[in-house]
Amino acid sequence: MTETHEPPEPPRPAGSRSAVRSLLRLWPYVRPVRGRLATAAAVTVVASCAGLAIPLALKWIVDGPVAGGDPSGVWLGGGLVLLLGLLEASLFAVRRFVTARPLARVEADMRADLYGHLQRLPVAFHDRWASGQLLSRSTTDLTLLRIFLAFPLTFLLVNGATIVAGFVVLLIQQWVLGLVLLAPVVPLVIICAYFEERYSRAARTAQDQSGDLATVVEESVLGIRIIKGFGRHRGQEKAFAALAGRLRGTELHKAHLLGLLWAFIMSLPELAIGAALVLGVLQVADGDLSAGTLVAFLSTALALRWPVESMGFLIAISNEAATAADRYFEVMDTPVPPQETASRPANPPARETPGEAPQETPRERSGLRLEGVGFRYPDAPADAPPVLDGVDLHVRAGETMALVGTTGSGKTTLTALVPRLHEATSGRITLDGQDIAAMPRERLRELVSVAFEDPTLFSASVGENVLMGADGGGEAELRRALEVAQAGFVDSLPEGTRTQVGEQGLSLSGGQRQRLALARAVAGDPRFLILDDPLSALDVHTEALVEAALREVLAGTTALVVAHRPSTVMLADRVALLSGGRIAAVGTHHELLRTNREYALLMAGDEDRGDAADAPYARHEGGRR
Ligand SMILES: Nc1ncnc2c1ncn2[C@@H]1O[C@H](COP(=O)(O)OP(=O)(O)OP(=O)(O)O)[C@@H](O)[C@H]1O
């Protein structure tokens, strides 16, 4: 952890883009509610017309009953104005009612689609993207889009139409004064175009920065023990303050731009209204214009103030919504590998098609086989050697193979290829003779179960966490899995197996979490078991108990177990040594201790000491330190 903590950069778009084009991409989601939105727009138009009719009623009152000294006419006119006002207000309320529910649905649908897509995207995508960026896209950005659809979208159209209709009314009333009011339109259009481009850029930066901030907060919350343990809270605070300061700067820049736009949008029309007022008064004085027409003209012009002034923040929100749409579709446009939805053709051709029961003969129970398997991480530097290069390994059916190698030799990477968390870049992997590349995902998940070094648990009950590994498994399955993992401690939890474990199982110890993760892996009796150093957090006594129970499970399973310690290696029938991206040696623990210097050094926990070649390997024969 460094003082100037920088979250990984998410992919950011280059160049400019059209806000309209970005927003048009929302159409598939908006289409089902288009009727409601159109109704809301129509209601808003009627409400705006009611508002625009008020000045006309005023003109009638001034030129008619007021000029003619008719009090009952004034009362009638007053009543009419009141009615128009009430109609306008109630129609705006109806608009809200019509749109609220369907737009909440649109937001929920978009969020569900994003979540579903994230689940299908490969692990490599999640390795590359900061979690805060994904979090902010699925929360703040979608809320922004709902707000846009509920308010600015309708009002941009309605206010635009109101402005056009208002100017037509103004020109009909008094075309010279109307032209005076129209004069600011050209400079305002130029200013808006200038503003739009700059505001879009600032909005994008601000939304990305708030995603970065979310990443830092999330990492700080998850890593709170490390931060406290290393006394790094001041450093984290500084890093957070730096990022928050940058976001604040961007928000201020946005506010500055918006303030400038508003200043123009408000002052230019005001100047035009002032000029029209002076001109109108002179015309009334000359007798060229009736006082009623001037009142109506000015009332109409004033009624247009809100639609004109609102354009500033409507454009601003629309820009932010366009940015939110871009950010949303950047994730949604990331293609899901075809294998996530269907099997890909393999050589030899797949022996089963999705949905079919696997065709299997005893001859095909050939275990787990890796043939010429190579792998390179997609974001690895071009000149870096592949992590795995021509791995050949055969784990016989029912056999337990330990996988050992120095730190960073690629053990975890290799184990991740079997459940296809990553796709091998070359070679092939077969399970009982079936190429996993041609196997439907569901089938692969049924066959292979995994437990990783980092035992992630979900915010759910202990039972639910364990039975994730056994679709439809019941109490008996749960008990058996807990027993194998020596996880009897669950019975002393407040609600036994129904106890909720917190985010990442934080309320449990590392060893307890590891045992639950192991129970999850063995529940459901998988035919193939992949365990990545499953006993590393256990004390010697518990480890021995888990090993004894695990041995029974492993007896009927084909297993690949990443091992760092001789005690874990002792669970295995044979051991494979991964070195230089390949399998350098395969044999029993004792054979390799005798014949392979690198293996012997590894088991001695002394891999870096070159002069230890002649160390008395025999002392490890017992398998335990
Ligand atoms: N997501 C990733 N992107 C790029 N490179 C990665 C990624 N994950 C791991 N690597 C690199 O791949 C190599 C193998 O890593 P891996 O985690 O498989 O090693 P390992 O043998 O399991 O190590 P350990 O014993 O410490 O767990 C390392 O050099 C590592 O830096």
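What you are looking at is a predicted structure, and each value in this text was computed from that prediction instead of being measured. (Residues numbered from 1 in each chain as written. Predicted model: local features only at pLDDT ≥ 70, side-chain atom pairs only at ≥ 80, totals over all residues.)

A look at the overall build of the chain
1) Next: Counting secondary structure elements, the chain contains 24 helices and twelve strands.
2) Next: Taking as baseline every contact in the chain between residues at least 6 positions apart, the subset at least 24 positions apart corresponds to 79%. (Helix = DSSP H or I, 4+ residues; strand = E, 2+ residues; numbered from the N terminus. Contact = placed C-beta atoms within 7 Å.)

Focus on the UniProt feature "transmembrane region" (unreviewed entry) in the chain
1) Next: The residues that UniProt annotates with the feature "transmembrane region" (unreviewed entry) are residues 37-62, 74-94, 147-169, 175-195 and 257-283.
2) Next: Between the C-alpha atoms that bound residues 74-94 there is a distance of 30 Å. The span itself is 100% helix and 0% strand. (UniProt positions renumbered as here; feature names shortened; annotations may be inferred.)

Here's the deal with the site of the ligand
1) Next: Taken together, 13 residues lie around the ligand, and Tyr-377, Thr-407, Lys-411, Thr-412 and Thr-413 are the ones closest in.
2) Next: When residues of the shell around the ligand are assigned to their parent elements, the largest contribution, three residues, is made by helix α16 (residues 411-417).
3) Next: Split into classes, the residues belonging to the shell around the ligand amount to three nonpolar, seven polar and three charged. (Near = placed C-beta within 6 Å. Nonpolar A, V, L, I, M, F, W, Y, C, P; charged D, E, K, R; others polar.)

Considering the sheet that holds strand β5 (residues 434-435)
1) Next: Pairing in this open sheet of four strands is antiparallel, and the strands run β2-β1-β4-β5 from one edge to the other. Of all strands in the sheet, those with a lone pairing partner are β2 (388-395) and β5, marking the two edges. (Pairing = 2+ DSSP bridges.)

A few points about the sheet that holds strand β9 (residues 528-532)
Strand pairing in a sheet takes place through backbone hydrogen bonds and is either antiparallel or parallel in direction.
1) Next: The six strands lie next to each other as β6-β9-β10-β3-β11-β12, forming an open sheet whose pairing is mixed. Each having just a single partner strand, β6 (448-451) and β12 (582-587) make up the two edges of the open sheet. Going across the sheet, the axis of each strand differs from the next one's by a mean of 20 degrees, ignoring polarity.
2) Next: By the bridge criterion, five bridges tie strand β3 (residues 400-405) to strand β11 (residues 574-579) in an arrangement that is parallel. Each bridged residue has a counterpart across the sheet, and for Val-404 the counterpart in β11 is Leu-577.
3) Next: Contacts between helix α20 (residues 510-522) and the sheet are confined to β6 and β9, with β6 contributing the most and set at about 175 degrees to the helix. (Axes fitted to C-alpha atoms, helices over the stretch in contact; angles between N-to-C directions.)

Side note on the pairing of β12
1) Next: Judged from the five bridges that link them, β11 and β12 form a sheet pairing that is antiparallel. The partner of Leu-577 across the bridge, within β12, is Ala-585.

What to know about the nonpolar core
1) Next: By size, the foremost hydrophobic cluster in this structure holds 74 residues, and its most contacted members are Leu-403, Ala-485, Ala-519, Val-522 and Val-561.
2) Next: The biggest single contributor to this core is α20, with six residues.
3) Next: Filtering out sequence-adjacent residues up to four positions away, Ala-519 remains in contact with Val-466, Ala-481, Leu-482, Val-484, Ala-485 and Ala-487.
4) Next: Judged by nonpolar contacts, the second largest core, of 32 residues, contains Tyr-199, Leu-261, Ala-296 and Ala-301. (Core = buried A, V, L, I, M, F, W, Y, C linked by C-beta atoms within 7 Å. Buried ≥ 20, exposed ≤ 12 C-beta atoms within 10 Å, placed from the backbone.)

Let's talk about helix α3 (residues 34-68)
1) Next: With 35 residues, α3 ought to run about 51 Å at 1.5 Å a step, and its terminal C-alpha atoms sit 50 Å apart, in line with that.
2) Next: At Ile-61, α3 shows its strongest bend, of approximately 35 degrees, with the proline Pro-65 following within four residues.
3) Next: Where α3 ends, the next residue or the one after it, Gly-69, has phi of about 60 degrees, a positive value. (Expected span 1.5 Å × (residues − 1). Bend = angle between axes of the 7 residues up to and from the residue.)

Some points on helix α19 (residues 475-484)
1) Next: All buried positions along α19 are accounted for by Leu-478, Ala-481, Leu-482 and Val-484. For α19, the angular spread of buried residues about the axis comes to 160 degrees, placing them on one side. For α19, exposure combined with an orientation more than 90 degrees from the buried face picks out Glu-475 and Ala-476.
2) Next: One or two residues past the end of α19 sits Gln-486, with phi positive at roughly 50 degrees. (Arc of directions from axis to C-beta.)

Some details on unusual backbone geometry
1) Next: In the Ramachandran plot, Arg-420 falls in the positive-phi region, its phi being about 60 degrees despite a non-glycine side chain.
2) Next: Position of Arg-420 relative to the elements: it lies in the loop between α16 and β4 (426-431).
3) Next: The buried category is assigned to Arg-420, around which 21 C-beta atoms lie within 10 Å.

What about the pairing of β6?
1) Next: Burial along β6 is two-sided: Val-448 and Val-450 facing one way and Ser-449 and Ala-451 facing the other are all buried.
2) Next: As paired elements, β6 and β9 share four bridges and run parallel to each other. Residue pairing for β9: Ala-451 is matched across the bridge by Leu-531.

Observations regarding the confidence of the model for the chain
1) Next: Across the chain, the average pLDDT comes to 81, with 88% of residues at 70 or higher.
2) Next: Considering each helix and strand of the chain separately, the mean pLDDT is smallest for helix α15 (residues 338-341), with a value of 57, and largest for helix α2 (residues 27-30), with 94.
3) Next: Low pLDDT, under 50, characterises residues 342-363; the stretch is placed with 25 contacts to residues that sit more than four places away or in other chains.
4) Next: A low-confidence stretch, residues 606-625 (pLDDT under 50), is modelled with 28 contacts involving residues beyond four sequence positions or located in other chains. (pLDDT = per-residue confidence, 0-100.)

Thoughts on the environment of Gly-405
1) Next: The topology assignment puts Gly-405 in strand β3.
2) Next: Once the C-alpha coordinates of Gly-405 and His-564 are considered, the two residues, 159 residues apart in sequence, prove to be 7.9 Å apart.
3) Next: With residues near it in sequence (within four places) discarded, Gly-405 still touches Gly-410, Lys-411, Leu-577, Leu-578 and Ser-579.

Re the environment of Met-468
1) Next: Among the structural elements, Met-468 can be located in the loop between α18 (462-467) and α19.
2) Next: Using a count of 16 C-beta atoms within 10 Å as the deciding quantity, one classes Met-468 as partly exposed.
3) Next: C-alpha of Met-468 to C-alpha of Arg-520: the two residues are 52 residues apart in sequence and 6.5 Å apart in space.

Concerning the packing of α3 against helix α4 (residues 71-120)
For any two helices packed against each other, the geometry comes down to the angle between their axes and how far apart the axes lie.
1) Next: The contact between α3 and α4 brings their axes to 8 Å, and the two run at 170 degrees. By the criterion of interaxial angle, the relationship of α3 to α4 is roughly antiparallel.
2) Next: Among the residues forming the contact of α3 with α4, the class breakdown is 24 nonpolar, eight polar and three charged. (Parallel < 35°, antiparallel > 145°, perpendicular 65-115°, else oblique.)

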